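# Chains, contacts and geometry: an overview
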Amino acid sequence: MESIQDFLLNKGYTKVKLKLTKTNHFEIKATINGIKGRFILDTGASNSCVGFDAVDNFKLKAKDSEVKAAGAGAIDMLTQISKRNKLKIGKWKHDKVALILFNLSHVNTALTNHDAEPVDGIIGADILKKSKAIIDYEKKYLYLKM
């Protein structure tokens, strides 16, 4: 019988290793505009996000946004948006990704308070839907359709 991994790889998916943090989040490595970063994989986040403090690092062109962000214990946070970014996760890539920019300090404070490392941002449902993502929780892999 064919394994799930073999089935998905034969269907044109690529696999990316996930790291389970001490806070029970999956962490993933990704590249934005050619710059490597660390991100939380969050199926409950509607949009992928980057912290304000990483804007220069990832060469993001930010524009003010009327949308207020909420989540992880914070509400009505000011946001900006950066469009047309290049995102690469493993071998999967997309050239026109919009990212929401906001203050991630509350997320990183929570992570560091639990001896986990801070992250540059969050990979959310927008990217997971676009890539037809499948998460193997047991083996800690993310599969993305090429």
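For the structure, check the block above.
Only a predicted model underlies this, so the values are computations on that prediction, with no experimental measurement involved. (Residues numbered from 1 in each chain as written. Predicted model: local features only at pLDDT ≥ 70, side-chain atom pairs only at ≥ 80, totals over all residues. Heavy atoms only, no water.)

### Looking at the nonpolar core
Filter applied, for reference: By nonpolar core is meant a set of buried Ala, Val, Leu, Ile, Met, Phe, Trp, Tyr and Cys residues that side-chain atoms within 4.5 Å join together. The rule is simple: take the accessible area with a 1.4 Å probe, protein chains only, and divide by the maximum for that residue type; under 20% is buried, over 50% is exposed, in between is partly exposed. Going along the chain from the N terminus, every DSSP run of H or I of four or more residues is numbered as a helix, and every run of E of two or more is numbered as a strand. We call two residues contacting when some pair of their heavy atoms lies within 4.5 Å.
Among the nonpolar cores identified, the biggest contains 24 residues, and Val50, Leu87 and Ile89 are the most heavily contacted of them. Counting only elements with at least two residues in this core, the list comes to strand E3 (26-32), strand E4 (35-41), strand E9 (80-89), strand E10 (92-102), helix H3 (125-130) and strand E13 (141-145). Setting aside anything within four residues of it in sequence, one finds Leu87 in contact with Ala30, Thr31, Ile32, Trp92, Lys93, His94, Val97, Ile123 and Ile127. By size, the runner-up hydrophobic cluster in this structure holds 12 residues, among which are Ala45, Cys49, Phe102 and Leu104.

### Things to note about the side chain of Asp126
Short version of the rule: The sign given to each residue is positive for Lys and Arg and negative for Asp and Glu; His and the chain ends receive no count. Salt bridge criterion: a side-chain nitrogen from Lys or Arg within 4 Å of a carboxyl oxygen from Asp or Glu.
Considering the arrangement of structural elements, one finds Asp126 in helix H3. Buried and unpaired, Asp126 has no salt bridge, with Lys130 as the nearest side chain of opposite charge at 6.1 Å. Other than its neighbours up to four places away in sequence, Asp126 contacts Ser46, Asn47, Ser48 and Ala98.

### Topic: the environment of His94
The line we're drawing: Throughout this description, a polar contact denotes any pair of N or O atoms lying within 3.5 Å of each other; where both atoms belong to protein, one of them has to be capable of donating a hydrogen while the other can accept it, and for residues adjacent in sequence the pair is counted only when both atoms sit in side chains.
Checked against the element boundaries, His94 lands in strand E10. If sequence neighbours within four positions are ignored, His94 has contacts with Asn85, Lys86, Leu87 and Lys130. Separated by 3.3 Å, the side chain of His94 and the backbone nitrogen of Lys96 make a polar contact.

### Things to note about the environment of Ala62
Locating Ala62 in the fold gives a position in the loop between strand E5 (49-51) and strand E6 (63-64). Taking the relative accessible area as the measure of exposure, Ala62 reaches 35% and is therefore partly exposed. With 58 residues separating them in the primary sequence, Ala62 and Ile4 have C-alpha atoms 40 Å apart.

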